[in-house]
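Each chain, letter by letter, is given below.
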Amino acid sequence: MERLQDYNPLLLYAVGVATLCLFYFLFRGDSEKAVPYNVAPPEQVMSGWKGEVLQDLSMKVSGSSSIQCYAPATGESLGRVNPSTTSSIDRAIAKAADAQIQWAQTTFAERRKVLKTMLRFVLENQETIARVACLDSGKTMVDASLGEILVTVEKLRWVIAHGEDSLRNESRPGNLLMAYKWHEVMWQPLGVVAACVSWNYPFHNLISPVIASIFAGNAIIVKGSENTAWSSSYFASIATSALVACGHSSDIVQSVVCWPSVAEYLTSHPGIAHITFIGSRPVAHHVCASASKALTPVCVELGGKDPAIVLDDLSNSDFHRVSSILMRGVFQSAGQNCIGIERIIALPNVYNRLIEQLTPRITALRPGSILNTSPDDASIDIGACISDAGFSRLESLIADAVAQGARLICGGKRYVHPQHPKGHFFAPTFLVDVTASMKIAQEELFAPVFTLMRTSSVDEAIAIANSTPYALGASVYGSSNHDLERVVREVHAGMVAVNDFAVTYMVQLPFGGVKGSGYGRFAGQEGLRSVCNQKAVTRDRWPWLAKTSIPGPMDLPLKGEGAGQRAWKMACGVVWVGYGDLRGKVTGVKNLIGL
Ligand SMILES: *[C@@H]1O[C@H](CO)[C@@H](O)[C@H](O)[C@H]1NC(C)=O
């Protein structure tokens, strides 16, 4: 019989170590594992809830400063919210600043753990979150699944997977003159940042800047719109409760809701290091003017007049697919989408086919409310608008276009829903033969209006696409790579999707526009870095060997400097110039022989 001591002791040792390693990898705890937590959902999303239908749909309450919240699809009251005052904003910023000092010291692993905790919560509570967003904004469950849940989950997943890489110190190339140095850029937290966001995605717009800002080590004051004041506190507590569940201070994320006059106090506050603004152009002028008082940088995300160019060579097999994508692009969230498709610019071979194919589909769209209907009730295609304030303008833009030769196929005016007469519905509209000179082709509508424009060539399609003051997103559909790529290059836009709609956001590419659509980028690496101080650092590589001294010709001759020293400095200068010359010659030779 073999005995244990017959084996090579080294082998036994190795087997022992390997077993221990295996046990370690199998049974070690995941230090970033999500922690379960609860946030009580608002009573209004419980099944069977019914609210009082308000007679006068207004956010203002006479004799009170509070905000009257209501469901725009039905007019049911959701309760009142007390807005923040200037002194409560001061307190929120002070608390956030205090908490940020410790938060900035946390590791990326600790921050990832908070995001993984939030991700788990969002996945487990997606239906409640979607219903809250639907109630407050009037959208449908499908729109909420895509525009609130899917994009938020993807943002969390992306930051968890790639956030640290995006903010890793990056070394940068130097030059021969500075060869004794190394150079790097580091992305450090800014302190307390702010986000003022719009109502069209009450959950996603509010939580998305929170995710990026806290991952970068900042604290954040997030101001949701007064239009969706009701859901802000529930959505913000998803973030604060995740922080608390992971052992951090809830003060890192502060939600405020206020009237515009008080918002100015926030945007001009010297305690705010950066502002992300998602909203409309008129409001952006106020925000930027106000931020300029404290010289606070603003990332300005405004609307657009996004074109979808449909080329002539769109294949038959792709036709139905693309017309469905166009409908989603136009009617998602009842058209209240900053990157919603506002103009469909089609070439002659597809133009009439699009009208033929889309007329029955758009005419059949059924507006409605998800309130008091079960989630699998498929009788609703399109939700309400946030308010009816813009309906008269819309109706007159459409009437004006018709007077100038456009054809109205369906819709064109506000819609009184038989069950929800107080709801803010606009009839799904199909308007064709629109030309670039019509006002409706120039102004952002933010409404469920499918505007079809005819064009005769790719040249003209691009010219029409570029004819508005806006340049946010764009999309192009067709087969020929040559034409598709031409549109990609020449269209004025911050984001372009080829044969698809808005998917740049789904993969966290930088989000933002140019021209009248704003400036700055959020999402992805560029977004994360934009809420950081991009600190440039240069250090001596071998401090014991070489440090900067001013070379010969630039140096003032020091008293007592010998001729030898002067000659040496001059020689260094000559070597440097010679090197530049040599590099030029090498490049010249390389070009000559086609390398
Ligand atoms: C970047 O470099 C600094 C200084 O070496 C270091 O303290 C810091 O932890 C580094 N940051 C990251 C994100 O690696």
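Residues numbered from 1 in each chain as written. Predicted model: local features only at pLDDT ≥ 70, side-chain atom pairs only at ≥ 80, totals over all residues. Heavy atoms only, no water.

1. Topic: the sheet that holds strand β16 (residues 429-434)
(1) Moving on: Strand order in the open sheet formed by seven strands is β13-β16-β17-β12-β11-β19-β20, with mixed pairing between adjacent strands. Each edge of the open sheet carries a strand with a single partner, namely β13 (407-410) and β20 (495-498). Put simply, the sheet's adjacent strands are angled 20 degrees from each other on average, direction ignored.
(2) Moving on: Bridge analysis of strand β11 (residues 307-310) against strand β12 (residues 343-346) gives four bridges, and the strand direction is parallel. Its bridge partner being in β12, Pro307 is matched across the sheet by Arg343.
(3) Moving on: Of the strands in this sheet, β11, β12, β16, β17 (449-454) and β19 (473-477) are in contact with helix α10 (residues 316-331), which crosses β17 at around 125 degrees.
(4) Moving on: The strands touched by helix α13 (residues 458-465) are β11, β12 and β17; relative to β12, the strand with the most contacts, the crossing angle is about 165 degrees. (Pairing = 2+ DSSP bridges. Helix = DSSP H or I, 4+ residues; strand = E, 2+ residues; numbered from the N terminus. Axes fitted to C-alpha atoms, helices over the stretch in contact; angles between N-to-C directions. Contact = heavy atoms within 4.5 Å.)

2. Considerations on a nonpolar patch on the surface
(1) Moving on: Taken together, the side chains of Leu22, Phe23, Leu26 and Phe27 make up a nonpolar region of the molecular surface, amounting to roughly 480 Å² of accessible area.
(2) Moving on: With respect to the secondary-structure elements, Leu22 resides in helix α1 (residues 9-27). (Patch = residues over 30% accessible without salt bridge, like charges linked within 9 Å, V, L, I, M, F, W, Y side chains within 5 Å. Areas by Shrake-Rupley, 256 points an atom, 1.4 Å probe, with all protein chains shown as cover. Salt bridge = Lys/Arg side-chain N within 4 Å of Asp/Glu carboxyl O.)

3. Some remarks on the side chain of Ser208
(1) Moving on: As for its placement among the helices and strands, Ser208 is situated in helix α6 (residues 204-215).
(2) Moving on: Look at Ser208 and you get buried, because its relative accessible area is 5%.
(3) Moving on: Apart from the residues within four sequence positions on either side, Ser208 is in contact with Lys155 and Tyr505. (Buried < 20%, exposed > 50% of the residue type's maximum accessible area, 1.4 Å probe, protein only.)

4. Regarding unusual backbone geometry
Most peptide bonds are trans, and most residues other than glycine sit at a negative phi.
(1) Moving on: Positive phi values are uncommon outside glycine, yet Leu295 reaches one of about 50 degrees.
(2) Moving on: Mapped onto the secondary structure, Leu295 falls in the loop between α9 (281-293) and β10 (298-301).
(3) Moving on: With a phi close to 55 degrees, Asn499 is a non-glycine residue in the positive phi region.
(4) Moving on: Mapping Asn499 onto the fold places it in the loop between β20 and α15 (503-506).
(5) Moving on: Its relative accessible area of 18% is what places Asn499 among the buried residues.

5. Some points on helix α8 (residues 260-267)
(1) Moving on: If you check which residues of α8 are buried, you get Val262, Ala263, Leu266 and Thr267. Take α8 and look down its axis: the buried residues cluster within an arc of 145 degrees, on one side only.
(2) Moving on: As for α8, its buried residues are in contact with α2 (86-103), β6 (192-196), β7 (219-223), β8 (253-256), β9 (275-278) and α9. (Arc of directions from axis to C-beta.)

6. Thoughts on the side chain of Thr468
(1) Moving on: Structurally, Thr468 is set in the loop between α13 and β18 (470-471).
(2) Moving on: Taking the relative accessible area as the measure of exposure, Thr468 reaches 4% and is therefore buried.
(3) Moving on: Engagement of the side chain of Thr468 in a polar contact is seen with the backbone nitrogen of Tyr470, the distance being 3.1 Å.
(4) Moving on: What Thr468 contacts, discounting residues up to four positions off in sequence, is Lys305, Arg343, Ala441, Gln442 and Lys515. (Polar contact = N/O pair within 3.5 Å; in protein donor to acceptor, adjacent residues only side chain to side chain.)

7. Notes on the pairing of β16
(1) Moving on: Most of β16 is tucked away: five of the six residues are buried.
(2) Moving on: Sheet topology places β13 next to β16; three bridges connect them, and they run antiparallel. In the strand pairing of β16, Leu408 is matched with Leu431.
(3) Moving on: Where β16 and β17 come together, four bridges link them in parallel fashion. Considered in β17, the bridge of Thr429 is made with Val449.

8. Regarding the sheet that holds strand β4 (residues 170-172)
Sheet strands pair via backbone hydrogen bonds, and the direction of the pair is either parallel or antiparallel.
(1) Moving on: In spatial order, the strands read β4-β5-β23; together these three strands make up an open sheet with antiparallel pairing. Only two strands of the sheet have a single partner each, and these edge strands are β4 and β23 (532-540). When strand polarity is set aside, the average angle formed by the axes of neighbouring strands in this sheet is 30 degrees.
(2) Moving on: With nine bridges connecting them, strand β5 (residues 181-189) and β23 associate as antiparallel partners. Bridge assignment links Lys181 to a residue of β23, and that residue is Asp540.

9. A closer look at the pattern of salt bridges
(1) Moving on: Under the definition given, this model contains 22 salt bridges.
(2) Moving on: Between Arg112 and Glu164 there is a salt bridge; the shortest N-O distance is 2.9 Å. Of this pair, Arg112 sits in helix α3 (residues 108-124) while Glu164 sits in helix α5 (residues 141-166), placing them 52 residues apart in sequence.
(3) Moving on: Note on Arg112: relative accessible area 12%, which makes it buried.
(4) Moving on: Taking relative accessible area as the criterion, Glu164 reaches 27% and is therefore assigned partly exposed.

10. What about the nonpolar core?
(1) Moving on: Residues Leu115, Met118, Ile129, Ile214, Ile221 and Phe235 are the most contacted members of the largest nonpolar core, which totals 99 residues.
(2) Moving on: Excluding residues within four positions of it along the chain, Leu115 makes contact with Leu156, Val159, Ile160, Ile211, Ile214 and Phe215.
(3) Moving on: Residues Ile325, Ile341, Ala401 and Val487 belong to the second largest nonpolar core, which totals 60 residues. (Core = buried A, V, L, I, M, F, W, Y, C linked by side-chain atoms within 4.5 Å.)

11. Side note on the environment of Asp251
(1) Moving on: Topologically, Asp251 is positioned in the loop between α7 (229-245) and β8.
(2) Moving on: Along the chain, Asp251 and Ala219 lie 32 residues apart, while their C-alpha atoms are 7.9 Å from each other.
(3) Moving on: For Asp251, the residues in contact, after removing those within four places along its chain, are Lys95, Ala96 and Ala99.

12. Some remarks on the packing of aromatic side chains
(1) Moving on: Enumeration over the complete set of coordinates arrives at 12 aromatic pairs.
(2) Moving on: Arranged with centres 5.6 Å apart and planes meeting at 50 degrees, the rings of Tyr234 and Phe235 form a pair that is tilted.
(3) Moving on: What makes Tyr234 buried here is its relative accessible area of 5%.
(4) Moving on: The exposure class assigned to Phe235 is buried, which follows from its relative accessible area of 0%.
(5) Moving on: With a centroid separation of 6.5 Å and an interplanar angle of 80 degrees, the aromatic rings of Tyr415 and Phe425 are classed as edge-to-face. Highlighted residues: Tyr415 in strand β14 (residues 414-415) and Phe425 in strand β15 (residues 425-426), separated in sequence by 10 residues. (Phe/Tyr/Trp six-rings, centres within 6.5 Å; stacked < 30°, edge-to-face > 60°.)

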